[in-house]
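# Descriptive analysis of the structure
Letter by letter, the chains look like this.
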Amino acid sequence: MIASSRARRGLTAAAGLSLGWAVIGALVLGGALLVGFAVGPVDLGVGAIVREILSHVPFLGVKSPLDDTEQAIFWQLRAPRVVLGALVGAMLASAGAGYQGVFRNPLADPYLLGAAAGAGLGATLVIAYANDSGASRELRPLAAFVGATAGVAAAYAIGRSVGGRTTASLILAGVTVASFLTAVQTFVQQRNTDTVQQVYAWILGQLETSGWREVAIALPYMAVSWAVLLVHGRLLDVLAVGDEEAASLGVSVSRVRLLVLGAATLGTAVAVALSGLIAFVGIIVPHAIRLVAGTSYRVVMPLSIMFGGAFLVLADVLARTVTSPAELPIGVVTAFFGAPFFALLLRTTRVAGP
Amino acid sequence: MTSVALERMSVSLDGVRVVSELSLDVEPGQWVGLIGPNGAGKTTVLRAVAGLVEYEGRLDVFHDEVAALSRREVARRIALVPQNPVIPPDMTVLEYVLLGRTPHVSYLGSPGDGDLGACRSALGRLDAAHLADRRLGSLSGGERQRAVLARAIAQEAPLVLLDEPTTALDVGAQQQVLELVAGLRANGNLTVLSAMHDLTVAGQYADRLVLLDGGREIASGQPAEVLTETLIARHYGASVLVVSDPEAGIAVVPLRPRLEAEEHVG
């Protein structure tokens, strides 16, 4: 009995994500998507939604029970928003896992590292100064990426210069950079009062969609980011033993670090550009996964995508319903659950660092 | 055929020359021990051989210049056991040993059954199969050192570099670890280059010793030729008694300096 369970665990160590966890992840994500689809001012019903979706699958012969208006509500309003939520949540969680692997620091997070604030500044500049141009929405990811890269680079450089690469110094540097970038952003925002409302709504995090446009903008960037992150899970595991040992095991440490940082920052930038600053997803999702499913990044990375997507879809459901018919910014919901969790995590983490 | 060949190799770190024109040949299957006081350059020599620091001069590992080899190719030839390995506390022993397979897994690939087999066999050779599912954070010092050695063995490199492999181990665990290394050497054609603190241990396990001081070679040869009271007094600033026994080998016994002892008594 014990021997067989050992053999099984040995197998998972070699094979990465186990089938069991893959199925659980898919079910949770699928369930969350259905809840997201079903909840809203117009009651469509879960069963009807499932049949509506299946009616678009060829050869099944399922007939949709929804009328034209309901179909429009579902396909043009609700589904895009829920799918965007899933993409953004999945991206923030997996980017968080990527940062944690690269910095060997369980507290690293796009929000705490200054990536999100940098992306925020970049996107605010576009909203404030290029809002009239038709390409504003498309420009935001690019500007956000430039800002995010600058934010992470600054946090990393400052963190290193003040105290090696301990857990605490990197986070403090990130918070410092984030405060500075946020101050600049607020300045820009105040100087451009005509767009202040738009910027403000966006900062607090809002999954605002106009049809499938945002999903279409996000998907290519995120696909690239995920491909890189998923491929490097095994090498992130090797980085856990430190740069020098990883190098002695045959890993080109700086190349892996650059690729993963680039991918995580690109993904974060796109997520921030489209949905504003949504905190803590990148830290609580990967950490919860480590607690239950194991610490290998070959497990944490794919599960972060699935559970991160599910988490943000459900957070958005709360944001939409708690103060209905008004809407709560989704960043408020994630911070409400994330901040206490982060406090708990701080208590249990060996702050001495690597 | 040499495993490692150094020819007037020098290393500078932050502008300070820490290894100076060192020449050294290590034959296949040999165990060469580097000894010398703190700061003598022992660890730096090992890091240079492992391709982790830049050097001047020549440094060949199995007839190829280390600097010209890819990281992966170096890792297939050389396994390094660092003095203070980073131990991720939540990783299981098997996952940790599996890291040793890194140079054998392709960039996009993942470890397969063969890799897992190599890890299990490495753990088996160190009598550590029962530790496979334990978390590293829960291991004792001796068990941890076995896990680190198992990772190096799973790497299946013909040359192993040991940097102070027995620091922080009690005398029993020390002996166990060194016997394990000696056993591995007897089974295969493993070459070992190690930096060693404990001179008695160095004298008993290594075939050849090289005494370094200030980054230069001071003496090299059979343990009995290098471990002399004069050399140790001059380069370690220690007063010792070297006891040589045809069966038990060499022991270096530290002696309390006379003057100081008298002061304490007086």
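Residues numbered from 1 in each chain as written. Chains lettered and ligands numbered in written order. Predicted model: local features only at pLDDT ≥ 70, side-chain atom pairs only at ≥ 80, totals over all residues.

### Section: the overall build of chain A
The secondary structure content of chain A amounts to 15 helices and 0 strands. For 354 residues, the compact-globule estimate of 2.2 N^0.38 gives 20 Å, and chain A sits close to it at 21 Å. Scored against the burial criterion, the 354 residues of chain A give a buried share of 53%. Taking the contacts inside chain A whose residues are at least 6 apart along the sequence as the reference set, 77% of them involve residues at least 24 apart. (Helix = DSSP H or I, 4+ residues; strand = E, 2+ residues; numbered from the N terminus. Rg over C-alpha atoms; globule rule 2.2 N^0.38 Å. Buried ≥ 20, exposed ≤ 12 C-beta atoms within 10 Å, placed from the backbone. Contact = placed C-beta atoms within 7 Å.)

### Looking at the sheet that holds strand β4 (residues 56-61) of chain B
Strand pairing in a sheet relies on backbone hydrogen bonds, with the paired strands running either antiparallel or parallel. Strand order in the open sheet formed by 4 strands is β2-β1-β4-β5 (chain B), with antiparallel pairing between adjacent strands. A strand with exactly one partner marks an edge of an open sheet, and here the two such strands are β2 (16-26) and β5 (64-65) of chain B. (Pairing = 2+ DSSP bridges.)

### Regarding the environment of S244 of chain B
All names here are of chain B. Examined against the element boundaries, S244 turns out to sit in strand β11 (residues 240-245). Placed 20 residues apart in sequence, S244 and A224 show a C-alpha to C-alpha distance of 8.0 Å. Not counting chain neighbours up to four residues away, the residues in contact with S244 comprise A224 and I250.

### Concerning the interface of chain B and chain A
In many reports, interface size means the accessible area that the parts give up when they come together. Taken together, the contact between chain B and chain A spans 28 residues of the former and 25 residues of the latter. Every element with two or more residues in the side of chain B that touches chain A is listed here: α2 (71-77), α3 (93-98) and α4 (113-125) of chain B. In terms of residue count, the dominant contributor to the side of chain B that touches chain A is α2 of chain B (4 residues). Among the residues making up the side of chain B that touches chain A, the classes are represented as 18 nonpolar, 4 polar and 6 charged. (Nonpolar A, V, L, I, M, F, W, Y, C, P; charged D, E, K, R; others polar.)

### Brief notes about the pairing of strand β8 (residues 191-195) of chain B
Two faces, one strand: in a regular strand the side chains alternate between the faces of the sheet. All names here are of chain B. Most of β8 is tucked away, with 5 of its 5 residues classed as buried. Of the two faces of β8, both are covered, the one formed by T191, L193 and A195 as well as the one formed by V192 and S194. Alignment of strand β3 (residues 31-35) against β8, held across 4 bridges, turns out to be parallel. Note on β8: the bridge partner recorded for W31 is V192. Summarising the sheet, strand β7 (residues 159-163) and β8 pair through 5 bridges and their orientation is parallel. Paired with L162 across the strands is S194, a residue of β8.

### Description of the pairing of strand β12 (residues 249-254) of chain B
Residues and elements named next belong to chain B. With 6 bridges connecting them, β11 and β12 associate as antiparallel partners. Bridging across to β12, V242 finds its partner in V252. The antiparallel pairing of β11 with β12 creates a hairpin that spans 3 residues between the two strands.

### Re the confidence of the model for chain A
Residue and element names in this part refer to chain A. Model confidence for chain A is summarised by a mean pLDDT of 85, while 92% of its residues fall at 70 or above. No element of chain A has a lower mean pLDDT than helix α1 (residues 2-15), at 46, and none a higher one than helix α14 (residues 297-321), at 95. The low-confidence segment residues 1-13 (pLDDT under 50) makes 11 contacts with residues lying over four places distant or belonging to another chain. (pLDDT = per-residue confidence, 0-100.)

### Remarks on the confidence of the model for chain B
Of the residues in chain B, 96% have a pLDDT of 70 or more, and the chain-wide mean is 89. Across the interface, the model reports ipTM at 0.89; the global pTM reads 0.85.

### Details of the nonpolar core
V270 of chain A together with V49, I78, V97 and L161 of chain B are the most contacted members of the largest nonpolar core, which totals 191 residues. Of all the elements, helix α4 (residues 68-103) of chain A adds the most residues to this core, at 17 residues. Residues in contact with L161 of chain B, not counting those within four places in the same chain, are L46, V49, A50, I78, L80, V81 and L193 of chain B. (Core = buried A, V, L, I, M, F, W, Y, C linked by C-beta atoms within 7 Å.)

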